[in-house]
Amino acid sequence: MDWFNAVIQGLLLGGLYALFATGLSIMFGVMRVVNLAHGDLAVVASFLALSMVNATNAPLWVAVVITTPLFAVLGYLTQRILLQRSLRVGPMSTLVVTFGLSIVIQNVLLKIYSADTRTLGGGGFATGSFHLTNDIAIPYLSLATFVLAVVVIVAIQLFLSRTGLGRMLRASSDDPDTATLVGADSRHVYGIATAIAFGTVALAGIMMAMRSSFDPATGPSRLLFAFEAVVIGGLGSLWGTLLGGMVLGLTQSVGAQIDPALTILLGHLVFLAVLAFRPQGLLPGRTA
Amino acid sequence: MSLTDTLTSRAAKAASVRRSTRSTRVGGGVLTLVVLILAVLPFAVFSSVTDSLVNLFILIALASMWNLLAGFAGLVSVGQQAYFGLGAYAVLVFAEQGVQAYLAIILAAITAAVFAVPTSWLAFRLRGDYFAIGTWVIAEVYRLVTTRIDRLGGASGKSLTTLSDIDPVTRGALNYWVALVVAVASVVACYLLLRSRLGLALMAVRDEETAANAVGINVPRAKRWVYLISAAGCGAAGGVLLVTSLSVNPNAVYSVQWSAYMIFIVVIGGIGYIEGPLLGAVIFFALQQALADYGTTYLILLGLCGIAVALFAPRGLWGMIADRTRISLFPVGYNLAAPAGSDEPSTGEDQTR
């Protein structure tokens, strides 16, 4: 029964990874940018929520409602001010700019919050669970995160397929020059894509903070999880990213069942195996 | 006399093609002098100075290797810390087997290159940004596997004990010289490599990969060679770190921070110039020393400078200097000097990048 439990928990954990990896997937799909500061942005959201809750005693959902749109705006500005310029210079430039952001964010957080490990208390919701059988308990938080991930992915897919802006986004992703010819402002469209990416990162960052502890240096290891989920699932497909997240979550959870020290290593090895034998990913596609 | 010879000799009379200019000869002389002064420094200054210069030499070696990889072969890696850590552990293992620790640094370089062969099979399946994060994941695997090997001290690391019978003053001087040798060797190796046939192939690949392929350059092989050489250089640098710090911790030595140092030093100094990592390392080192009392402020500054240079001066500080002054200390391209005899390089075909 332990094993069955590990599988269930792993799949649910996958929802968190998918939610977190969605932003990375979108930014790569639309702009061919791998945002190396992705993990650090999630940590910023964690700290921001922590500060808000500590300062005002407001319930956590208020922090979510404020942080997510704030990050979306921040994303739009980051794209227009920093990334758009680096896209013109070349791929090496975007890599250095996002890596630079990552280093700056980590060390600024270190100065503000020190290197202490923190947790974000989510109350009874974050620690409670219901029993499926006597042996298998489903935590509310994991289930809610998984549902949230699916809802977010469905919403983004609907946005991409049903709205004019979403269609322009897909057009700019396929061929920016032609999209510009027919009236899409690729800079604005890229800004929207980055805004969506940052918004989902904020959401994922707060969810992660309730689940596990964090400190200013947590970002890079989180980035690797998101990257692995995207590559395992297949580039440019959001459903692939969900599948990739679940495969990664499952691997880590089963690995932890064998030996807790194997958790992360096994996830990396599955990623490398996918890279070696199925480099296009499990569910290759090209949505956003 | 064949037609080719005739044409070649006629062309040689019309213009002289050469690598070096007057600035190269003067600059080369100055650099040799600097290295000589650095070499006698342990006799002249306190050991605190030479001890901190060891860090500069490690950074120069690492940055030169990353520049070779990214600036000349287009392989932007965020995972060279894998070979840095491997080099440190290799010296530890060889020293425990009875090899003199300083000599083991050579074996560490070879070990790193040997491990780089299978790693490259995997990493080379990825392109561009995905190569960058893929190499990072591989470096993490190196770290996690190392922490599981009890003989290497597991997650808490291990100390090098075989150098303890050398008295501290002599050991400090030896550390310094070994670090200097590794740094100078890295720079000279880059220079000689880029002037060789492989270097010519690499620059052709960098400038236009399809055309390079069409004229018969084996592109994957050229890139793989550079990857192996860069791994060896990083391995040697890791070995230097172990003999100077006398202990190794997997989380510190395999840290992605080393990649951050390499990348920002090279980008700020000037990617694609041998002079770039030298200039960048000196700037980084000065920044680190000047802001030593302010915690990690120098890292924030480093990140901001890196972003600014990547956006506004993609060829780095040395690129700006070279554009304005036409100085080239390590010419790896060719200069076309107008009619033979004149020492002034022409303004036309200049390949000194």
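This one's a predicted model, so the numbers in the text were calculated from it and none came from an experiment.

Peer 1: Let's hear about the overall build of chain A: which residues, and what values?
Peer 2: Counting its regular elements, chain A contains 12 helices and two strands. The secondary structure elements of chain A, listed N-terminal to C-terminal, are α-α-α-α-α-β-β-α-α-α-α-α-α-α. For 288 residues, the compact-globule formula gives about 19 Å, and the C-alpha radius of gyration of chain A, at 19 Å, lands near that figure. A total of 288 residues make up chain A; the buried ones form 52% of that total. Across chain A, the fraction of contacts at a sequence separation of at least 24, relative to all contacts at a separation of at least 6, is 76%.

Peer 1: How would you sum up the overall build of chain B? Please name residues and give values.
Peer 2: Along its length, chain B carries 15 helices and five strands. By the compact-globule yardstick of 20 Å for 353 residues, chain B fits well, its C-alpha radius of gyration being 21 Å. Taken along its principal axes, the extent of the C-alpha atoms in chain B is 65 × 50 × 45 Å. Per-residue burial for chain B yields a buried fraction of 45% across its 353 residues. Partitioning the contacts of chain B with sequence separation of at least 6, the portion at a separation of at least 24 is 77%.

Peer 1: How would you summarise the interface of chain B and chain A if you had to cite specific residues and measurements?
Peer 2: If you look at the interface, chain B gives 30 residues, while chain A gives 32 residues. Elements supplying a minimum of two residues to the side of chain B that touches chain A: α6 (128-147), α12 (257-269) and α14 (297-312) of chain B. Its residues assigned to classes, the side of chain B that touches chain A comprises 21 nonpolar, five polar and four charged.

Peer 1: Before we move on, could you go through the packing of helix α4 (residues 81-96) of chain B against α6 of chain B and cite the residues and values that matter?
Peer 2: Residue and element names in this part refer to chain B. Where α4 meets α6, the axes come as close as 8 Å, and the angle between the chain directions of the two elements is 30 degrees. In terms of orientation, α4 and α6 fall into the roughly parallel class. When α4 is examined against α6, the residues Gln81, Ala82, Gly85, Leu86 and Tyr89 are found in contact with a partner set consisting of Ile138, Ala139, Tyr142, Arg143 and Thr146.

Peer 1: Could you give an account of helix α7 (residues 168-195) of chain B, with specific residues and numbers?
Peer 2: A rise of 1.5 Å per residue sets the reference length of α7 of chain B, with its 28 residues, at 40 Å; its end C-alpha atoms lie 40 Å apart and thus fit the reference within 8%. Of the positions making up α7 of chain B, those classed as buried are Asn175, Tyr176, Val178, Ala179, Leu180, Val182, Ala183, Ser186, Val187, Cys190 and Leu194 of chain B.

Peer 1: Give a detailed account of the packing of helix α3 (residues 60-89) of chain A against helix α4 (residues 91-113) of chain A, specifying residues and quantitative values.
Peer 2: Residue and element names in this part refer to chain A. The geometry of α3 relative to α4 is characterised by a closest axis approach of 6 Å and an angle of 145 degrees between their N-to-C directions. Along this stretch, α3 crosses α4, giving a crossing that reads as right-handed. Where α3 abuts α4, its residues Leu82, Leu83, Ser86, Leu87 and Val89 lie against Ser93, Thr94 and Val97. Of the residues in the contact of α3 with α4, the class split is five nonpolar, three polar and no charged.

Peer 1: Give a detailed account of the nonpolar core, specifying residues and quantitative values.
Peer 2: In this structure, Ala193 of chain A together with Leu62 and Val91 of chain B are the most contacted members of the largest nonpolar core, which totals 202 residues. Among the elements that make up this core, the one with the highest residue count is helix α9 (residues 186-211) of chain A (17 residues). If near-sequence neighbours (up to four positions away) are discounted, Ala193 of chain A is found in contact with Ile26, Met27, Val30, Met31 and Leu169 of chain A.

Peer 1: Break down unusual backbone geometry for me, citing the residues and quoting the values.
Peer 2: Residues and elements named next belong to chain A. With a phi close to 60 degrees, Arg32 is a non-glycine residue in the positive phi region. Mapping Arg32 onto the fold places it in the loop between α1 (2-31) and α2 (38-56). For Arg32, a count of 15 C-beta atoms within 10 Å translates into the label partly exposed.

Peer 1: Give me the environment of Val7 of chain A: which residues, what numbers.
Peer 2: Residue and element names in this part refer to chain A. Within the secondary structure layout, Val7 lies in helix α1. Owing to 16 C-beta atoms within 10 Å, Val7 belongs among the partly exposed residues under this scheme. Once the C-alpha coordinates of Val7 and Ser253 are considered, the two residues, 246 residues apart in sequence, prove to be 6.8 Å apart.

Cut-offs used in this document
- Residues numbered from 1 in each chain as written.
- Chains lettered and ligands numbered in written order.
- Predicted model: local features only at pLDDT ≥ 70, side-chain atom pairs only at ≥ 80, totals over all residues.
- Helix = DSSP H or I, 4+ residues; strand = E, 2+ residues; numbered from the N terminus.
- Rg over C-alpha atoms; globule rule 2.2 N^0.38 Å.
- Buried ≥ 20, exposed ≤ 12 C-beta atoms within 10 Å, placed from the backbone.
- Contact = placed C-beta atoms within 7 Å.
- Nonpolar A, V, L, I, M, F, W, Y, C, P; charged D, E, K, R; others polar.
- Axes fitted to C-alpha atoms, helices over the stretch in contact; angles between N-to-C directions.
- Parallel < 35°, antiparallel > 145°, perpendicular 65-115°, else oblique.
- Expected span 1.5 Å × (residues − 1).
- Left-handed = near helix turned anticlockwise from the far one by under 90°.
- Core = buried A, V, L, I, M, F, W, Y, C linked by C-beta atoms within 7 Å.

Read these as spatial facts, not as claims about activity.
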